[in-house]
Amino acid sequence: MTDEDKNEMVVTPWEVKGKVDYERLIQEFGTQPLTEELLQKLAKHTDGLHLQLARKLFYSHRDLDVVLDLYEKGTKFVLYTGRGPSGPVHIGHLVPWIFTKHLQEKFETRLYFQMTDDEKFVIEDDAKLAENTRFGYENALDLVALGFKPEDTFIIYDVQDIDLLYDIALEVAKRITYSTAKATFGFQDSTNLGWIFWPAIQAVPCFLHKKLTGENVPALIPAAIDQDPFWRITRDIAQKLGYYKPAQIHCRFLPGLGIGGKMSASEPETAIFTVDQPDIVKRKVWNAFTGGKGTLAEQKKYGGDPEVCTIFQYFLYLFEEDDKKLSERKRRCIAGEIMCGECKTELTGRLNKFLAEHQKKREKAKDIVKRFHIKR
Ligand code: TRP
């Protein structure tokens, strides 16, 4: 295998490998970039742009313009996002959820949140159903800890709630051919049957609101760009079933603390989990890949490179809301005026402060998480 092959980009809902070229994904998936004009249209309803939009963590969409036009004419929308619970939540997962909560607040709308404990079971060889279900509960605590409104937030646990999903899943599955599914997801002869049917389940919450309330409104899905293949096939059949096409707003992945690649639970040393304790966070940040030079002397002389620095990304996307302070940090880094240790210490402090709060709320969530479970 050549170095080029090793670095080749693969982005599917179940695998992300190589250096992710986000612009190329827009082309390949056929989504739209978020233009300034569209951002302004959105900002009218949200009292300014959320940090994750301003910093272009969310960068692509399908039909966001359509959803906003409808909204301006009096048709609301619902939000839909989800999580495949196969392990603990890390801060890369929290990022789009934080943005989703912002949308929920500004548009005063419902959120359907799908906990796909069945998904991980069918796709991972050694997955245990009971384990995934347990993580579904654990991960829901993280969601609830972010402060979503219980009266407007509906968590669906696939295995437990399949009775609610199954009729719509059948309607969806019947209208998607194997050849479409194969072309979209790369299924092969060796792919198990559960997996082949499974995408119909992820489509369901796009349409569930009508069954529950009688109201036909579009769903807007904030999610990482790797989920887009699901929405492609769902959009194709939505109108045949009498629904709006679901709209999407896509984000990039929060990078991990290692060289390249997204934050991933399978690389625990480069991921910050929400339950990590301060000394663990300190160690992980301390070992992070930065844009620094080999020695202090060199760095003072030649400066660092914030573009490749994982630490800088956390200030950019999460912890430095002030544009001036962010560009000052960048300038000082390039000029060799600030050393990596300083940024690492600051980031450790910010992360641990955030996590201490989150962990408290996560404990409290145990008392109320049941209220978020979707009702019949
Ligand atoms: N497939 C997603 C995962 O593996 C879980 C998921 C279900 C989801 N529905 C979603 C993610 C809607 C985003 C939006 O994590």
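For the structure itself, consult the block above.
Residues numbered from 1 in each chain as written. Predicted model: local features only at pLDDT ≥ 70, side-chain atom pairs only at ≥ 80, totals over all residues. Heavy atoms only, no water.

## Let's talk about the site of the ligand
The cut-off we apply is this: Whether a residue is near a molecule or strand depends on its heavy atoms: it is near if one of them lies within 4 Å of it. For this analysis, a polar contact is any N or O atom pair within 3.5 Å, provided that within protein one partner can donate a hydrogen and the other can accept it, and provided that sequence-adjacent residues contribute only side-chain to side-chain pairs. Here, Shrake-Rupley sampling with a 1.4 Å probe gives the accessible areas, and only protein chains in the shown set may cover a residue. A run of DSSP states H or I qualifies as a helix once it reaches four residues; a run of E qualifies as a strand once it reaches two. Both are numbered from the N-terminal end.
Surveying the vicinity of the ligand reveals 14 residues, the closest of which are Tyr80, Gly84, Glu119, Gln202 and Gln227. Between Gly84 and the ligand, the recorded distance is 2.9 Å, taken from a backbone N or O atom to an oxygen atom. Within the side chain of Lys120, an N or O atom sits 3.1 Å from an oxygen atom of the ligand. Burial of the ligand by the protein amounts to 92% of the accessible area it has alone, namely 360 Å². Contributions of two or more residues to the shell around the ligand are made by strand S5 (78–83), helix H7 (117–123) and strand S8 (219–224).

## Details of the sheet that holds strand S6 (residues 111–115)
Put simply, the rule reads: When DSSP finds two or more bridges between two strands, those strands count as paired. Contact criterion: two residues are considered in contact whenever any of their non-hydrogen atoms come within 4.5 Å of each other. To define axes, lines are fitted to C-alpha atoms, for helices over the stretch in contact only, and angles between the resulting N-to-C directions are given on a 0 to 180 degree scale.
With mixed pairing, seven strands are arranged side by side in an open sheet as S3-S4-S9-S8-S5-S6-S7. Strand pairing shows two members of the sheet lacking a second neighbour, strand S3 (32–33) and strand S7 (153–157), which therefore form its edges. Bridge count between S8 and strand S9 (residues 247–251): five bridges; the pairing is parallel. The partner of Pro222 across the bridge, within S9, is Ile249. On top of the sheet, helix H6 (residues 91–107) reaches strand S4 (58–62), S5, S6, S7, S8 and S9; it is set at about 165° to S5, its chief contact.

## A short note on the nonpolar core
Soluble, globular proteins show a tendency: their nonpolar side chains are buried together. The following threshold applies: As used in this record, nonpolar core signifies buried Ala, Val, Leu, Ile, Met, Phe, Trp, Tyr and Cys residues forming a set joined through side-chain atoms within 4.5 Å. A simple rule labels every residue: compare its accessible area, found with a 1.4 Å probe on the protein chains alone, to the largest value its type can have, and call it buried under 20%, exposed over 50%, or partly exposed in between. Those domain boundaries reflect an automatic or database domain assignment.
Ranked by size, the top nonpolar core spans 74 residues in total, and within it Leu25, Ile91 and Ile272 carry the most contacts. With eight residues, the top contributor of residues to this core is helix H17 (residues 310–319). Each of domain 1 (13–253) and domain 2 (268–364) accounts for three or more of the residues forming this core. Apart from the residues lying within four places of it in its own chain, the contact partners of Leu25 are Met9, Val11, Val20, Gly30, Tyr59 and Ile225. Judged by nonpolar contacts, the second largest core, of 37 residues, contains Phe154, Phe185, Ile201 and Ile233.

Without other data, these values stay purely geometric and don't point to any function.
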